[in-house]
Amino acid sequence: MIRATVVLGVGLVLWCGGAHAWGPATHAYIAIKVTGLDTRDVVYGAMAPDICQGILFDPNAKNHLANLTHAAANDLPAGEFATGFATHNGHWGGDHYAHAHHNPNNPPNYATRKILRIREEFDLSSQEGEGALDIVMDFLVRREFGPQLAELIVDSCHGGTRAGVLVDAFANPLAERVPGMSVETAERAIRQAAWVFRIGARVYGRQLAQDEETLRTLAAQAIRIYFRCDIETAQARLDWAIALCEDDYAEEMVRECEGIRARMASEPTYVLRSVADQ
């Protein structure tokens, strides 16, 4: 019963956006477009910086782990997992674009403008506006890519939690940042977070495999839970936000992916498929 509750709870955390910028499906989509690869390690790596969502009861450790996993550089061994992981980072990866609104000195970009419009329309906080955009973007990229995106996310979870490489990269710095946390405790926290996150990612991928009508229903339920409103209000907000983004999100995704790929192309450690081969 406890395991079932964790599975359902983490699935909802992933679906409802929580503290991320772009959602899991959007990050997977970006990584595939940037690298030209759809392997298990690239897809799972793209989502894995948000393993902090798997730390359910220690917000301090959760926040510090998020800061570590979203850095531009880390100690992950070079390869496809590290490449997918890097597409997500907050300095020049996907979260750089999605989180720009947190810094008032940044010029307004696509995400900033959309979050502001959503906030103004529904009188929401910045975090709530970001959460709504997460849900809408995941819906739109899944609709564009098709059910194969969901299948790739589910399949990527069969590669394991990748807890070993995550512990090697982040346990020591996490212990250094969290007062009173030993390296052993940090290792255990990361392993548990990786386990919970993998379960949630698999549940989330299976949710995304549904037809468009069911996806809209799931997205509306996520809006309802996230904003604590009735289902009719949630559906109306979802429909409005989809209409706000559906005509121009694809152009923004192309722009972001081109920028991330250009940055990664300068680093020989990243695995990128030749444009001519795509």
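Quantities reported herein were computed from a predicted structural model and do not represent experimental measurements.

Trainee: Any chance you could explain the layout of surface pockets here in plain terms?
Mentor: The rolling of a water-molecule-sized probe over the atoms marks out the regions of remaining empty space. Taken as a whole, the second largest pocket holds about 290 Å³ of empty space. Counting residues per element, the lining of the second largest pocket draws most heavily on helix α11 (residues 183-208), which supplies seven residues. In terms of residue class, the lining of the second largest pocket is built from 10 nonpolar, three polar and two charged.

Trainee: Quick question: what am I supposed to make of the packing of aromatic side chains here?
Mentor: To describe a pair of aromatic rings, you give the distance between the ring centres and the angle between the ring planes. A full pass over the atoms with the stated rule returns seven aromatic pairs. Judged by centre distance (6.2 Å) and plane angle (70 degrees), the rings of W92 and Y270 are edge-to-face. Of the two residues, W92 is situated in the loop between α5 (80-86) and α6 (94-98) and Y270 in the segment after α14 (249-264); the sequence distance between them amounts to 178 residues. The two residues W92 and Y270 agree in class, both being buried. Aromatic rings pair up to connect F81, F85 and F170 into one cluster. The side chain of R237 reaches across the aromatic face of F227, ending 5.7 Å from its centre.

Trainee: Any chance you could explain the nonpolar core here in plain terms?
Mentor: In a soluble, globular protein the nonpolar side chains are often hidden away together inside. Counting residues in each nonpolar core, the largest one holds 83 residues, and the members touching the most others are L166, F170 and I190. Among residues more than four places away in sequence, those in contact with I190 are I51, L65, L166, V167, F170, A171 and L174.

Trainee: So what exactly am I meant to see when it comes to unusual backbone geometry here?
Mentor: Note: most peptide bonds trans; most residues except glycine with negative phi. Positioned with a positive phi, R162 is a non-glycine residue whose angle comes to about 60 degrees. Looking at where R162 falls in the secondary structure, it is placed in the loop between α9 (147-156) and α10 (163-177). For R162, a relative accessible area of 10% translates into the label buried. Look at R228: it is not a glycine, yet its phi comes out positive at around 55 degrees. Following the sequence through the fold, R228 ends up in the loop between α12 (212-227) and α13 (231-245). Judged by its relative accessible area of 73%, R228 is exposed.

Trainee: What is the right way to look at empty space enclosed by the protein in this model?
Mentor: Evaluation of the coordinates by the stated rule reveals one cavity of 30 Å³ or more. Taken together, the elements giving at least two residues each to the lining of the largest cavity come down to α7 (110-122), α12 and α13. Here the lining of the largest cavity is built from residues that sort into eight nonpolar, no polar and one charged.

Parameters and conventions
Residues numbered from 1 in each chain as written. Predicted model: local features only at pLDDT ≥ 70, side-chain atom pairs only at ≥ 80, totals over all residues. Heavy atoms only, no water. 1 Å grid on protein atoms, 1.4 Å probe; cavity = no way out; pocket = protein on both sides within 12 Å on 5 of 7 lines; lining within 4 Å. Points joined across faces, edges and corners; volume = space filled by probe spheres on them. Helix = DSSP H or I, 4+ residues; strand = E, 2+ residues; numbered from the N terminus. Nonpolar A, V, L, I, M, F, W, Y, C, P; charged D, E, K, R; others polar. Phe/Tyr/Trp six-rings, centres within 6.5 Å; stacked < 30°, edge-to-face > 60°. Buried < 20%, exposed > 50% of the residue type's maximum accessible area, 1.4 Å probe, protein only. Lys NZ or Arg CZ within 6 Å of the ring centre and 35° of its normal. Core = buried A, V, L, I, M, F, W, Y, C linked by side-chain atoms within 4.5 Å. Contact = heavy atoms within 4.5 Å.

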